[in-house]
Amino acid sequence: DGDKDEIEVKTEGILKDQGSPVSKREINELLKMERSMCKIYFEKIVDKKIKTGKATGFFCKIDNFPIKYGLFTNNHVLDENDIKVGKTINIEYNNEKKKIKIDEKRRTYTDKKLDYTCIELYESDNIKDYFEIDPILFKNKN
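This write-up is about the structure you can find in this document. (Residues numbered from 1 in each chain as written. Predicted model: local features only at pLDDT ≥ 70, side-chain atom pairs only at ≥ 80, totals over all residues. Heavy atoms only, no water.)

### Points about the overall build of the protein
Helix and strand counts for the protein stand at one helix and nine strands. Counting from the amino terminus, the protein carries its helices and strands in the arrangement β-β-α-β-β-β-β-β-β-β. Sequence-distant contacts in the protein: of pairs separated by 6 or more residues, those separated by 24 or more amount to 48%. For the protein, the computed accessible surface area is about 10,100 Å², with 49% contributed by carbon and sulfur atoms. (Helix = DSSP H or I, 4+ residues; strand = E, 2+ residues; numbered from the N terminus. Contact = heavy atoms within 4.5 Å. Areas by Shrake-Rupley, 256 points an atom, 1.4 Å probe, with all protein chains shown as cover.)

### Quick notes on the pattern of salt bridges
According to the stated counting rule, one finds four salt bridges in the structure shown. Its salt-bridge partner being Lys-44, residue Asp-79 comes within 3.7 Å of it at the nearest N-O pair. Of this pair, Asp-79 sits in the loop between β5 (69-73) and β6 (88-93) while Lys-44 sits in strand β3 (residues 37-46), placing them 35 residues apart in sequence. Overall, Asp-79 belongs to the buried group, its relative accessible area being 17%. With its nearest N and O atoms 2.7 Å apart, the salt bridge here joins Arg-106 to Asp-125. Separated by 19 residues along the polypeptide, Arg-106 in the loop between β7 (96-101) and β8 (108-111) and Asp-125 in the segment after β9 (116-120) bring together distant segments of the chain. Here Arg-106 and Asp-125 have matching classes, each one buried. Linked through salt bridges whose partners overlap, the residues forming this network are Lys-44, Asp-79 and Asp-82. (Salt bridge = Lys/Arg side-chain N within 4 Å of Asp/Glu carboxyl O. Buried < 20%, exposed > 50% of the residue type's maximum accessible area, 1.4 Å probe, protein only.)

### Quick word on the sheet that holds β6
Taken together, seven strands build an open sheet; the order of strands is β7-β6-β3-β4-β5-β9-β8 and the sheet is antiparallel. On the outer flanks of this sheet lie β7 and β8, each paired with one strand and no other. Here the average twist between neighbouring strands, direction ignored, is 25°. With three bridges joining them, β3 and β6 adopt antiparallel strand pairing. Residue pairing across strands places Ile-40 opposite Ile-91, the latter belonging to β6. (Pairing = 2+ DSSP bridges. Axes fitted to C-alpha atoms, helices over the stretch in contact; angles between N-to-C directions.)

Rendered as structure tokens:
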């Protein structure tokens, strides 16, 4: 009682610890993460057939990493074959569809064992406004 940063959450809302109140700060952090997410549309050849699908990706500004802005997803979504020079990555966020062309200068990283892929984003990709996730999540802890 009396804490203005706490709101009452009903069963149809966000639940935390079996229904305890969720702070405005926590809700704002979740909304930031949602604004940083996108859909990635992909095509894969499976059993000699083209399989299409969509998956989740997120935009992030990263400190102490070779690239400043990146699009992250899983390696099983976009692997080394999907991020070769000349390929195009189709994404959708905020009801906007974009194409990210992989060129000779765009840096990409992928690791099958760790199941991640990161694609460098340029200023010209016009996605910078969506980097809402706190970069401290990705700081080197060593």
